[in-house]
Protein chains: 2
Amino acid sequence: MNHDSTPRRLLTAARRIFAERGYEGASIRLITTRAKANLGAVTYHFGSKERLYNAVLSEFMVPLGQTVVERATAPEPATKRIGTVIEAYYDQFARFPDFPALVIHELALGRRLPPPIKDTLDRVQPALFKLIQDGQAEGSVRAGPPVPIIMSILSQPFYFAMVRRLVGQVVGPDFEKPEFRAMLIQHAIEFVWRGLAPEAREVA
Amino acid sequence: MNHDSTPRRLLTAARRIFAERGYEGASIRLITTRAKANLGAVTYHFGSKERLYNAVLSEFMVPLGQTVVERATAPEPATKRIGTVIEAYYDQFARFPDFPALVIHELALGRRLPPPIKDTLDRVQPALFKLIQDGQAEGSVRAGPPVPIIMSILSQPFYFAMVRRLVGQVVGPDFEKPEFRAMLIQHAIEFVWRGLAPEAREVA
DNA sequence: TCTTGACTGATACGACCGTATGAATTAGAT
DNA sequence: ATCTAATTCATACGGTCGTATCAGTCAAGA
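All residue numbers refer to position in the chain's written sequence, counted from 1. As a convention, the first chain written is A and the first ligand written is 1, with the rest following in written order. The model is predicted, so local features are restricted to residues of pLDDT at least 70 and side-chain atom pairs to those at 80 or more, both for listing and for counting; the totals for chains, interfaces and linings are taken over all residues.

Novice: Tell me what's going on with the overall build of chain A, and back it up with residues and numbers.
Specialist: Across its full length, chain A carries 9 helices and 0 strands. In chain A, the succession of helices and strands from N to C terminus is α-α-α-α-α-α-α-α-α. Residue pairs are scored as contacts if the distance between their C-beta atoms, which are placed from the backbone, is within 7 Å. A sequence separation of at least 24 residues applies to 68% of the contacts in chain A between residues at least 6 apart. Secondary structure elements are taken from DSSP: a helix is a run of H or I of four residues or more, a strand is a run of E of two residues or more, and numbering for both begins at the N terminus.

Okay, structure coming up:
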């Protein structure tokens, strides 16, 4: 007795399998088997493998984009907002551990970005630009072009998501503990804060 | 009359195609066609698709690992070494622009790491640990567990490699200029230095 | 009860996959 | 010029792929 509808089960199975094996490596046969659905179910409910893939990506990218934009434009000091944005990425990556691999795939691959990823990027990018410029206007973020600054910020959650399995092997069982995860996030935020802080007045 | 041997041409074509489409998405037929070789050439010269893949990875990972270990253990202050290690990643990623996508693939994917990547990681990891501990002993790197520190360092070149195409679109033609690339590397190094620096010398 | 539309299920199709095979060709040593 | 080993080449095989087809099932409205 399964309470989940077939499309729901397909999405869940597809998410994991796409993440584990990439788009090409995932087969409809494997997805439908794991979802306890018939081979034809993907075609029936989603139209094609590619549409299922985009549906899977949307489930992750849409709320991620929304949260990040909200936090990036919140009525708070820029430094604070940068911290909450970083947290948003870590949290969303932790909530759906299958997804980062998917997104990273697509970013690293040369091919054209799938619409759900492209759309979210287009929404998030201007908000982050504005956030950095606000910080520079406030004097809480050091001067300089925004592009490398944004890259240095996003690098923290994305690289963590990329190597989380390896890190888990190195760190051992502690890796699963919430305290350890919280420590990592705190480290990332403070690392970014220090990296972006304006020169101390020692210079003057 | 082609000066390059068939195995050489296969490696070059395979590198690009694996990077563009992932392991599963790349077909031997496409690789051999692009390399102007016969369909059987991969089997003959490398034994199998997987062995070709590992050969492609080795071409990149072995010199990368060697350079990083050299620079991480050089007889210089830890801070300096951290900078040269970061540069090593950027340089190697720039020299073989196809490769990062391959490595990122494998790191993000759940599956077991291919031997060339695993071996290099096993060589590099202790050298980086030692480097951070040296820095902490010197007083030039702030205290704290080495794992998050190493992650924050490596995140810079890896994330850059991951999003370089996107950044190129945002930045425009300047992106190709060597000055721009040098600026990005300099930013990354300084960002890391500031992020890892001990508290200001208020102590003194 | 009958009808209708949504869904499931088994099967089929053509395309492409990695690899194997064995003949044809080439290059080098004698 | 002849022999030999290395390489190239065309072709074939079994398997898996995404998708299409169409008959079967089932629940809800008339």
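Novice: Explain the interface of chain B and chain A residue by residue, including any values.
Specialist: Contacts between the two partners involve 39 residues from chain B and, on the opposite side, 40 residues from chain A. Elements with a contribution of two residues or more to the side of chain B that touches chain A: α1 (6–25), α6 (99–108), α8 (146–171) and α9 (178–196) of chain B. Per-element accounting of the side of chain B that touches chain A gives the leading share, 17 residues, to α8(B). For the side of chain B that touches chain A, the residue count by class is 24 nonpolar, 9 polar and 6 charged. Gly falls in the polar group here, along with every residue not listed as nonpolar (Ala, Val, Leu, Ile, Met, Phe, Trp, Tyr, Cys, Pro) or charged (Asp, Glu, Lys, Arg).

Novice: An account of the nonpolar core is needed here, citing residue identities and associated values.
Specialist: Under the definition applied here, buried Ala, Val, Leu, Ile, Met, Phe, Trp, Tyr and Cys residues are grouped into a nonpolar core through C-beta atoms within 7 Å. Any residue with 12 or fewer other C-beta atoms within 10 Å of its own C-beta is exposed, any with 20 or more is buried, and the rest are partly exposed; the C-beta atoms used are placed from the backbone. The biggest cluster of nonpolar side chains holds 121 residues, and the ones touching the most others in it are A:Ile104, A:Met162, B:Ile104 and B:Met162. The element that contributes the greatest number of residues to this core is helix α8 (residues 146–171) of chain A, accounting for 11 residues. A:Met162 has contacts with A:Ile104, B:Ile104, B:Leu107, B:Ala108 and B:Phe158, leaving out every residue within four places of it along the chain.

Novice: Mind laying out the relation of the copies chain B and chain A, listing which residues take part and the relevant values?
Specialist: The copies were overlaid by least squares, fitting only the C-alpha atoms of residues that reach a pLDDT of 70 or more in each copy. Once turned by 180° and shifted 0.0 Å along the axis, chain B lies on chain A with an RMSD of 0.1 Å. Accordingly, the operation relating the two chain copies is best matched by a two-fold axis. Closest approach to the rotation axis among the C-alpha atoms of chain B is made by B:Gly195, whose C-alpha sits 2.2 Å away. Taken together, the interface assignments show that 100% of the residues at the interface of chain B recur at the interface of chain A, consistent with an identical surface on both copies.

Novice: Can you break down the environment of B:Ile104 residue by residue, with the values?
Specialist: With respect to the secondary-structure elements, B:Ile104 resides in helix α6. Each C-alpha atom, one on B:Ile104 and one on B:Ala161, is 8.8 Å from the other, the two residues being 57 residues apart in sequence. When residues no more than four places from it in sequence are discounted, the contact partners of B:Ile104 are A:Ile104, A:Ala108, A:Met162, B:Phe158, B:Ala161 and B:Met162.

Novice: How would you explain the packing of helix α5 (residues 78–95) of chain B against α8(B) if you had to name every residue and give the values?
Specialist: All names here are of chain B. In this description, a line fitted to the C-alpha atoms serves as the axis of each element, helices being fitted only across the stretch in contact, and the angle between N-to-C directions of two axes falls anywhere from 0 to 180 degrees. Packing of α5 against α8 brings their axes to within 10 Å, and their N-to-C directions diverge by 15°. Looking at the two axes, α5 sits roughly parallel to α8. Judged by the sense of rotation from one axis to the other, the crossing of α5 with α8 is right-handed. Counted together, Ile-82, Ile-86, Tyr-89, Tyr-90 and Phe-93 of α5 and Ile-153, Gln-156, Pro-157 and Ala-161 of α8 form the full contact between these two elements. An angle below 35 degrees is read as roughly parallel, one above 145 as roughly antiparallel, one from 65 to 115 as roughly perpendicular, and any other as oblique. It is the rotation of the near helix from the far one that decides the hand of a crossing: anticlockwise by less than a right angle makes it left-handed, clockwise makes it right-handed.

Novice: Run through helix α4 (residues 49–72) of chain A, naming residues and quoting values.
Specialist: Residue and element names in this part refer to chain A. For α4, spanning 24 residues, the distance from its first C-alpha to its last is 34 Å, which sits close to the expected 34 Å at 1.5 Å a residue. Maximal helix bending in α4 amounts to about 30°, located at Ser-58. Turning to α4, the residues buried within the fold contact α1 (6–25), α3 (41–46), α5 (78–95), α6 (99–108) and α7 (115–138). One less than the number of residues in a helix, times 1.5 Å, gives the span that helix is expected to have. One axis is fitted to the seven residues ending at the residue and one to the seven starting there. The bend at that residue is the angle between these axes.

Novice: I'd love a proper account of the protein's contact with DNA strand C, names of residues and values included.
Specialist: For each residue, a C-beta position is placed from the backbone atoms; the residue is near a molecule or strand when that point lies within 6 Å of it. Neighbouring residues of DNA strand C: 16 residues in total, closest A:Thr6, B:Ser27, B:Ile28, B:Ser48 and B:Lys49. Residue assignment for the surface near DNA strand C shows that the elements contributing at least two residues are α3 of chain A together with α2 (28–34) of chain B. The leading source of residues in the surface near DNA strand C is α2(B), at 3 residues. Split into classes, the residues belonging to the surface near DNA strand C amount to 7 nonpolar, 7 polar and 2 charged.

Novice: With reference to specific residues and values, describe the protein's contact with DNA strand D.
Specialist: For DNA strand D, the set of nearby residues contains 17 residues, the closest of which are A:Ser27, A:Ser48, A:Lys49, B:Thr6 and B:Gly40. Elements supplying a minimum of two residues to the surface near DNA strand D: α2 (28–34) and α4 of chain A together with α3 (41–46) of chain B. In terms of residue count, α2(A) provides more of the surface near DNA strand D than any other element does, 3 residues in total.

Novice: Give a description of unusual backbone geometry that names residues and reports values.
Specialist: The phi angle of most residues is negative, glycine excepted, and most peptide bonds adopt the trans form. Residues and elements named next belong to chain A. At Lys-36, a position not held by glycine, the phi torsion is positive, near 50°. Mapping Lys-36 onto the fold places it in the loop between α2 and α3. Under the C-beta neighbour-count criterion, Lys-36 is labelled partly exposed, with 13 such atoms within 10 Å.

Novice: Can you lay out the environment of A:Ala197 for me, pointing to particular residues and giving the numbers?
Specialist: Along the chain, A:Ala197 turns up in the segment after α9 (178–196). Once the C-alpha coordinates of A:Ala197 and A:Leu102 are considered, the two residues, 95 residues apart in sequence, prove to be 33 Å apart.

Novice: Please give an account of the environment of B:Pro145 that cites residues and values.
Specialist: Here B:Pro145 is to be found in the loop between α7 (115–138) and α8. Considered as a pair, B:Pro145 and B:Ala19 are 126 residues apart in the sequence and their alpha carbons are 34 Å apart.

Novice: Now, about α8(A): what can you tell me, with residues and values included?
Specialist: Owing to its 3.6 residues per turn, the α-helix aligns residues three or four sequence positions apart on the same side. Along α8(A), the sharpest change in direction is near 65° and occurs at A:Val163. Directly after α8(A), the chain includes A:Gly172, whose backbone phi takes a positive value near 90°.

The values are spatial; any link to function lies outside them.
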